[in-house]
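# Notes for the structure review
Below are the chains, spelled out letter by letter.
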Amino acid sequence: MTVQELPGDAAAYRPTPPPAWQHRTDPAPLLPDPEPYRVLGTEAAAAADPELLLRLYAELVRGRRYNAQATALTKQGRLAVYPSSTGQEACEVAAALALEERDWLFPSYRDTLAAVARGLDPVQALTLLRGDWHTGYDPHEHRIAPLCTPLATQLPHAVGLAHAARLNGDDVVALAMVGDGGTSEGDFHEALNFAAVWRAPVVFLVQNNGFAISVPLAKQTAAPSLAHKAVGYGMPGRLVDGNDAAAVHQVLGEAVARARRGGGPTLIEAVTYRMDAHTNADDATRYRGESEVETWRAHDPILLLERALTERGLLDDDRRKAAADAAESMAADLRARMNADPVLDPMDLFAHVYAEQTSQLCEQAAQLRAELSAEGEAR
């Protein structure tokens, strides 16, 4: 409370907050529901669009196979590292499908599947993790920002793009994905603050998969939920079952539509679980038990959607086989192309670093070019 001195001999002080201390926003409508929102297994499932559910199912099956194949490629030495999203496929797929073609996706390092579901070539999505190119794809062409390995640094970028688009009159929404660990980074808080103040058309999707590498959520925050953090910045917080593909798609779709019509940002926490280790370099058995993993297997996003589709008579053996065959075809193509050694050019180190190369980069490039030429002559 600010204490303001008053002139005269009457009251020396007025212990009353100035008007700026009053609530600028009613917090009640911004608070998330006490339980994660669900569609599958509820009455709302009967009203869900059959075509959407079947598309979600096909993408989930393909995504699961993609994760398995990419993990296998690390064991074969074809990938340096792979952060699997097995168990989180509903979040990944729903994020991709909730966007229009003109919108932008800002993924983290674990969100290669979201990029693939948005239409990116699976090989290009893995190029960064292979270690032979800066990104592997043209962000402008695909409206997918570079896969972000530093935690949460993609979030301010998403806000900046969304705010710029709005100032420019472009009908564009940015969807930024981050893990629960990323919410402990300063970039997360800065991004939410700017987004809310500017009413930027951006949606923040937090995939709460239980662990920031080995650190459980309870050791990161004392908040009732990560979605509750939204009210502190003046935006709505939504809590959704991250393994319910229909629910995640609906909540994201509503947030994207709200942002597009000028309603500002939304923070969505999707409660899910990382079935695999943090990456292929992690030993998850050191910080969690197999019984915990098995409990979550019963809430597998593919099984949940399969059950709902079967109950509605929308999924039969032929459709199951078609989805599995398409997934296997994708995996075979990915495997074949990743098994071919890439053709590397050392001069690519200097490409696409700046729009116009700095004098230091030009000097370094010239030095490397001379060394490569001398090496070639020596042979």
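This is a predicted model, so every value here is computed, not measured.

Right, let's talk about the nonpolar core for a bit. A general trend in soluble globular proteins is that nonpolar side chains are found buried together. Within the largest apolar cluster, 64 residues are counted, with the highest numbers of intra-cluster contacts made by Tyr66, Leu126, Leu175, Leu252 and Leu305. With 26 residues, the next largest nonpolar core counts Val178, Ala200, Val202 and Met235 among its residues.

Now for the packing of aromatic side chains. Tallied over the entire structure, the rule returns six aromatic pairs. Centroid distance Phe211 to Tyr287: 5.3 Å. Interplanar angle 55°. Geometry classified as tilted. Residue Phe211 is found in strand 6 (residues 211-212), and its partner Tyr287 is found in the loop between strand 9 (266-271) and helix 9 (290-297); the two are separated by 76 residues along the sequence. Site record: aromatic cluster; members linked through ring pairs are Phe211, Tyr273, Tyr287 and Trp296.

Overall, parallel pairing links the five strands, which are arranged 3-4-5-9-8 in an open sheet. Two strands lie at the open edges of the sheet, namely strand 3 (104-106) and strand 8 (237-241), each paired on one side alone. Strand after strand, the sheet turns through a mean of 20° between neighbouring axes, direction not considered. Direction of pairing for strand 8 relative to strand 9: parallel, over a ladder of five bridges. Within the sheet, the bridge partner assigned to Val240 lies in strand 9 and is Ala270. Strand contacts of helix 6 (residues 154-167): strand 3, strand 4 (174-179) and strand 5 (202-208), with the helix running at about 170° to strand 4, the strand carrying the most contacts.

Quick look at helix 1 (residues 50-75) now. When the terminal C-alpha atoms of helix 1 are compared, their 38 Å separation across 26 residues agrees well with the 38 Å that a helix rising 1.5 Å per residue should span. Capping the start of helix 1, Asp49 holds a side-chain oxygen 3.2 Å from the backbone nitrogen of Glu51, two or three residues further along. Remark: Gly77 follows helix 1 within two positions and exhibits a positive phi of approximately 80°.

Turning our attention to the pattern of salt bridges. Across all of its chains, the model carries 16 salt bridges by this definition. Here Arg65 makes a salt bridge to Glu328, at a shortest N to O gap of 2.9 Å. Linking Arg65 in helix 1 with Glu328 in helix 11 (residues 317-338), this pair joins segments that are 263 residues apart in sequence. A relative accessible area of 22% places Arg65 in the partly exposed class.

Cut-offs used in this document
- Residues numbered from 1 in each chain as written.
- Predicted model: local features only at pLDDT ≥ 70, side-chain atom pairs only at ≥ 80, totals over all residues.
- Heavy atoms only, no water.
- Core = buried A, V, L, I, M, F, W, Y, C linked by side-chain atoms within 4.5 Å.
- Buried < 20%, exposed > 50% of the residue type's maximum accessible area, 1.4 Å probe, protein only.
- Phe/Tyr/Trp six-rings, centres within 6.5 Å; stacked < 30°, edge-to-face > 60°.
- Helix = DSSP H or I, 4+ residues; strand = E, 2+ residues; numbered from the N terminus.
- Pairing = 2+ DSSP bridges.
- Axes fitted to C-alpha atoms, helices over the stretch in contact; angles between N-to-C directions.
- Contact = heavy atoms within 4.5 Å.
- Expected span 1.5 Å × (residues − 1).
- Polar contact = N/O pair within 3.5 Å; in protein donor to acceptor, adjacent residues only side chain to side chain.
- Salt bridge = Lys/Arg side-chain N within 4 Å of Asp/Glu carboxyl O.

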